[in-house]
Amino acid sequence: MSTNPLTSEPVEDFVSRLEVMTDDELFVIMNDLEKASETAKGGAAEEVLARIALAESEIERRYPGRLLAPYRDWKQRQPLL
């Protein structure tokens with residue numbers, strides 16, 4: 001398993017944490033996962049992509065019908081990303 005804390009915790013714990021995060025926290029996690037996906041290889045890449053899908057689902061649950069627009073809007077407002 002990966003040493004990346006975003007991918008090393010059990011999936012159930014990750015999902016539970018996503019559910020209680022603020023929007024900003026969720027968007028930071030999504031951004032970190034996207035960055036991790038750029039360098040991950042093999043099984044680690046699959047794990048990162050699976051967690052990206054979970055984060056996307058949480059964003060879509062919070063913003064029905066808006067897909068990832070809230071995340072993209074947040075990302076544009078972040079000058080240091």
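Predicted model only: the values in this text are computed from it and were never measured.

A. Fine view of the overall build of the protein. Helices and strands together make up the secondary structure of the protein, namely five helices and zero strands. Ordered by position in the sequence, the α and β elements of the protein form the string α-α-α-α-α. Taking 81 residues into account, the globule formula puts the C-alpha radius of gyration at 12 Å, and the protein, at 12 Å, falls close to it. Dimensions of the protein, computed from the C-alpha atoms along their principal axes, are close to 30 × 25 × 20 Å. When each of the 81 residues of the protein is scored for burial, the buried share is 32%. Contacts spanning at least 24 positions in sequence make up 60% of the contacts within the protein whose residues lie at least 6 apart. Accessible surface computed for the protein: about 5,100 Å², of which carbon and sulfur atoms make up 54%.

Cut-offs used in this document
Residues numbered from 1 in each chain as written. Predicted model: local features only at pLDDT ≥ 70, side-chain atom pairs only at ≥ 80, totals over all residues. Heavy atoms only, no water. Helix = DSSP H or I, 4+ residues; strand = E, 2+ residues; numbered from the N terminus. Rg over C-alpha atoms; globule rule 2.2 N^0.38 Å. Buried < 20%, exposed > 50% of the residue type's maximum accessible area, 1.4 Å probe, protein only. Contact = heavy atoms within 4.5 Å. Areas by Shrake-Rupley, 256 points an atom, 1.4 Å probe, with all protein chains shown as cover.

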